[in-house]
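Chain residues, written in single-letter form:
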Amino acid sequence: MVERSLSMREGSKPPPLLSLALIPLPLAAVDSFSSRRRCSLSSCEALSSLSLEKPKLKAFGTVSPCVNCEGMTMHSSSTVGVKRVFIGAGCNRIVNNVSWGASGFVAFGAHNAVAIFCPKSAQILTTLPGHKAVVNCTHWLPSSKFLFKAKQLEQHYLLSGDADGAIILWELSLIDGKWREVLQVPKLHKKGVTCISGIMVSQTEALFASTSSDGIACLWELILPLTSKGDCKLSCLDSLSVGSKCMVTLSLSELPGTNGQIVLAMGGLDNKIHLYCVGRTRKLVHACELKGHTDWIRSLDFSLPISVNGDANNIFLVSSSQDKCIRIWKMALRSSITNGNGNGNGIYKKEEISLLSYIQGPVLVAGSSSFQISLESLLIGHEDRVYSVQWQPPLVESMESDAYHQPQSILSASMDKTMMIWQPEKNSGVWMNVVTVGELNHCALGFYGGHWSPSGDSILAHAYGGSFHLWKNVVNDNWQPQKVPSGHFASVTDVAWAKSGDYIMSVSHDQTTRIYAPWKVEASLQKGEFWHEIARPQVHGHDINCMAVVHGKGNHRFVSGADEKVARVFEAPLSFLKTLNNATLQNYCSSDDVLTDVQILGANMSALGLSQKPIYAHAVHEVPERGAADGFDTLETIPDAVPTVFTEPPIEDQLAWNTLWPETHKLYGHGNELFSLCCDHRGELVASSCKAQSSNVAEVWLWQVGSWKSVGRLQSHSLTVTQMEFSHDNNLLLTVSRDRHFSIFAITRTGTEISYSLLARKEGHKRIIWSCSWNPHGHEFATGSRDKTVKIWAIDKELSVRLLLTLPQFESSVTALSWIGLHDRRNNGLLAIGMENGQIELWSLSYNRADDGSIAAPSLVATLAVRVDPFLCHASTVNRLAWRKNEEHREHPKRISRRPFVWQR
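Residues numbered from 1 in each chain as written. Predicted model: local features only at pLDDT ≥ 70, side-chain atom pairs only at ≥ 80, totals over all residues. Heavy atoms only, no water.

What counts here: UniProt positions are given in the numbering used here, feature names are shortened, and annotations may be inferred rather than shown by experiment.
You'll find the chain entered in an unreviewed UniProt entry as Elongator complex protein 2, with Stylosanthes scabra given as the organism. UniProt lists a comment for the chain under the heading Pathway (unreviewed entry), and it reads "tRNA modification; 5-methoxycarbonylmethyl-2-thiouridine-tRNA biosynthesis." The record in UniProt for the chain states the following under Sequence similarities (unreviewed entry): "Belongs to the WD repeat ELP2 family."

## What about the overall build of the chain?
Put simply, the test is: Secondary structure is summarised from DSSP: a helix means a run of H or I of at least four residues, a strand means a run of E of at least two, and numbering begins at the N terminus for each. Surface accessibility in these figures is a Shrake-Rupley result with a 1.4 Å probe; residues are shielded only by whichever protein chains are displayed.
A tally of helices and strands in the chain yields three helices and 64 strands. Here the chain displays about 34600 Å² of accessible surface, and carbon together with sulfur accounts for 49% of that area.

## What about the sheet that holds strand E13 (residues 193-202)?
Heads up, the condition is: For two strands to be treated as a pair, DSSP must find no fewer than two bridges joining them. To get an axis, fit a line to the C-alpha atoms, keeping to the stretch in contact for a helix; angles then go from 0 to 180 degrees between the N-to-C directions.
The strand order E13-E14-E15-E16 describes an open sheet built from four strands, whose pairing is antiparallel. Pairing within the sheet leaves two strands with one partner each, and these edge strands are E13 and strand E16 (233-241). Mean inter-strand twist for the sheet, computed between neighbouring axes without regard to direction, equals 20 degrees. For strand E15 (residues 216-223) and E16, the ladder comprises eight bridges, and the chain directions are antiparallel. Its bridge partner being in E16, Leu219 is matched across the sheet by Asp238.

## Describing the environment of Ala110
The cut-off we apply is this: Exposure is judged per residue with a 1.4 Å probe applied to protein chains only, and the accessible area is read against the type maximum: over 50% gives exposed, under 20% gives buried, and values in between give partly exposed.
Mapped onto the secondary structure, Ala110 falls in strand E6 (residues 106-110). Among the residues examined, Ala110 registers a relative accessible area of 0% and is labelled buried. A C-alpha to C-alpha distance of 7.4 Å links Ala110 and Phe489, two positions 379 residues apart in sequence.

## Re the UniProt feature "repeat: WD" (unreviewed entry) in the chain
Per the UniProt record, "repeat: WD" (unreviewed entry) is annotated on residues 290-339, 485-516 and 762-803. Across residues 485-516 one finds 0% helix and 50% strand; the C-alpha atoms that close the span lie 11 Å apart.

## Digging into the nonpolar core
Applied cut-off: Only buried residues count toward a nonpolar core. Its members are Ala, Val, Leu, Ile, Met, Phe, Trp, Tyr and Cys residues joined through side-chain atoms within 4.5 Å. Note on contacts: a residue pair qualifies if any of its non-hydrogen atoms lie within 4.5 Å across the two residues.
Membership of the largest hydrophobic core comes to 41 residues, with the highest contact counts inside it found for Leu222, Leu264 and Met266. When near neighbours in sequence (up to four residues on either side) are disregarded, Leu264 contacts Ala209, Leu250, Ser251, Leu252, His274, Leu275, Tyr276 and Leu284. Ranked by size, the runner-up nonpolar core spans 25 residues in total, among them Tyr503, Leu574, Ala583 and Val598.

## So, the side chain of His509
The line we're drawing: Pairs of N or O atoms are called polar contacts if they sit within 3.5 Å, as long as, within protein, a hydrogen donor faces a hydrogen acceptor (for residues adjacent in sequence, only side-chain-to-side-chain pairs).
Checked against the element boundaries, His509 lands in the loop between strand E38 (504-508) and strand E39 (512-519). Side chain to side chain, His509 and Asn545 meet in a polar contact 3.0 Å long.

## Some remarks on the confidence of the model for the chain
Applicable threshold: For every residue, the pLDDT score states the predictor's confidence, bounded by 0 at the bottom and 100 at the top.
Model confidence for the chain is summarised by a mean pLDDT of 82, while 80% of its residues fall at 70 or above. Below a pLDDT of 50 lies the segment residues 53-68, which in the model reaches 92 contacts outside its immediate sequence neighbourhood of four places, other chains included. Taken as a whole, residues 888-905 scores under 50 in pLDDT and shows 109 contacts with residues more than four places along the chain or in a different chain.

## So, the pattern of salt bridges
Note the following rule: What makes a salt bridge here is a side-chain nitrogen of Lys or Arg within 4 Å of a carboxyl oxygen of Asp or Glu, nothing more.
Scanning the model with the defined rule gives 22 salt bridges in all. As a salt-bridge pair, Arg880 and Asp494 come within 2.9 Å of each other at their nearest N and O atoms. Highlighted residues: Arg880 in strand E63 (residues 880-883) and Asp494 in strand E37 (residues 492-497), separated in sequence by 386 residues. The exposure class of Arg880 is buried, given its relative accessible area of 11%. Using a relative accessible area of 4% as the deciding quantity, one classes Asp494 as buried.

## Re unusual backbone geometry
Following Leu141, the chain continues to Pro142 via a peptide bond in cis, the omega torsion being 0 degrees. Within the secondary structure, Pro142 is located in the loop between strand E9 (135-141) and strand E10 (155-162). Even without being glycine, Asn476 reaches a positive phi, approximately 50 degrees. By the secondary structure assignment, Asn476 is in the loop between strand E35 (468-473) and strand E36 (479-482). For Asn476, a relative accessible area of 72% corresponds to the exposed category. Within the chain, Asp477 stands out as a residue other than glycine whose phi angle is a positive 60 degrees.

## Let's talk about the pairing of E39
With respect to burial, E39 is a largely interior element, eight of its eight residues being buried. Strand direction decides the pairing type here: E38 and E39, joined by four bridges, are antiparallel. Residue Ser506 lies in a different strand from E39, and its bridge partner there is Arg514. Two successive antiparallel strands, E38 and E39, enclose a turn made up of three residues, where Gln511 displays a positive phi of approximately 75 degrees. Bridge analysis of E39 against strand E40 (residues 530-539) gives seven bridges, and the strand direction is antiparallel.

## Section: the sheet that holds strand E27 (residues 386-391)
Taken together, four strands build an open sheet; the order of strands is E27-E30-E31-E32 and the sheet is antiparallel. Edge strands, defined here as strands with exactly one partner in the open sheet, are E27 and strand E32 (431-438). Each adjacent strand pair in this sheet contributes to an overall mean axis angle of 20 degrees, direction not counted. Direction of pairing for strand E31 (residues 418-424) relative to E32: antiparallel, over a ladder of seven bridges. Paired with Thr418 across the strands is Gly438, a residue of E32.

Below you can see the structure in the form of structure tokens.
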């Protein structure tokens, strides 16, 4: 997820409080929702889908909802329940952002929330909102290194630090899987936290260190409770200033043979490794410096004690740098002072040091012991900055004891798009690269971090583009890629359900369009539906601001608008239709609603990353001739895509290049960057607007689907039109604007001719109107504004607009609305309301119509149905909400209607 600028720009919504979002609510067990309709919600850095159901209760109540994708089931009673179904989020583009804990879960920062995902199911389970700035780093207590100390723990803890200097401690109960915010660490850092590292001293005591870009490093002691209801006790043991060249990486370790002495290694912008000792007084004492790297130190990690020639009093420190090198430092117990014969006389005990194994370095004195430090090995193999190094977690020898074995194996991740596993050769002891994995995608920009699983049989990387890459050792160092969760790494700006309701499409400022769907394979039906990203139809060169799915019969199509003056039309290729068949267990290629003569397999990206050219089914593939001097890494040699029909969810390398949709049309006409798009419910007209500061530029263009010709230019507003929506009978177009007005246009169709007229223009709010939504059962509509209000309006038969109701003022600006009608009760509906602070509320609207079809203001009653638990809500601005249409109700009229909706922030 990408941070959003804190400065307001023309035509943009309020910036999020923090950066794949993105973030959403937690994901509930999907197996209980296999027969429920789902809704999805996306926000700044995350896409969320929630499942809502209405249990048989007598009164409305606040129910803890699930995140990202929610679905709702309506019964005859009056209470609405919410369950989370799916979360889509990308990883912040920061080095120390990801942590794999002894619990088996992975934590990462997604904008200003912490997301938790399970590698086994490849699903994001929940997000933890609480930070007010971008999350920079996370660290588990216990981490995967201390799995052998965590076998009896019922609670695991997670530390997260953000760009404002705040650190939060979270608790995970392994018994019920529930999360809670334990405490916020006293704010000693004045700038962004760059790294957190900790160790488990015992099952009830942990030490962790934090450092910040303000040049301050702090050491903390955390006393953990013995029971789940106990309180954690936190104290700051020491803090120090490291000067103007701040530290960006830390590592803590217990020194063997020293009765509790701790060593802290710090590295940063001065190209040196600084070692500090922590004795019984728990104060930081500078011990020595290690020199050798010629650029910034980016990662440090201590091993647990490793036996060398039968001596287990050795630990190793591995370091990586932007100089592309990895260094392994050996710390061998050199001497100790003992009390011989109990007379208190100090006896200095020396140990032999072999000059053949290392180049002698400084001596670290820790209390009564000293350690000889030497350079064990210099590893050269990466071709770019090495951002991460990590020792393989120790292998637990027995579940009944704390015995373990520390393997001599190191994982490194680099911006050269590779991760490597290094091990010493058995005979010579020379460290060698034994495994190399990486990204094949030509547009990838490398890895920001690499992490071992607690068992050491899987490795995880997070990349520059916010994506995850997971490999598992299937057998004998045969590392195979595995499924991982995915999502946008910048603000999600728009989201919509497919016309069939089988998938969610979203666009983002990360310049991509993505499609998410539940993968209904037979093996997982018993466990429920697991949602995955199944296609990436558009990978663009500009930030994408809006999109509209084209409804009606025919192939799947959508229109997108970005920070350019052109709207682009895309159509699904044959490879996607077949993949969708495999995901949904339905045959879309033979459906009446989908063309059966699609001859396009996929699409290729142009060199500039703007247009996507079709790949035809019967085209002859010609390989261009290359001269001897032609390179393969130039901009002119972008490889061809290989459209693929997937029988299982695709991985990142496949998504980024082989799932593109061809661009079929460009819509020219606007004078500024596109800002809003919408399509009517019959799939005949598309309306578009752009960023504007004058009435001439703020006009709305109408485009005829099929011919894609401009058939109208609607003028009414003086500033940017922020959202548009057609009424459900397709006769009216509602537009809202930054000029605080809303307008209603009448659309008349006579054969192939389209005519339009302005019916009403009214100043509806005191500040910018961000959103609007029609009542599906009438000509009533809602508007939401920065003035923190939502108003319900009605159009009378005289074509005049009158205010029916103003909801009580909300705590934050209203940025998203979506109104769904209840098919079993046409005089009732649910209005979903999203706000700038990430909160979401559902309001029940009930009314009675007069004989002429109008609604009298006193007969409209609005009641709060659900206020989503803030702990489960988004952490930033909700940009869009979208209900999935209840098509199933028409086929099964006796079935209880279930109405999912989508929101985004």
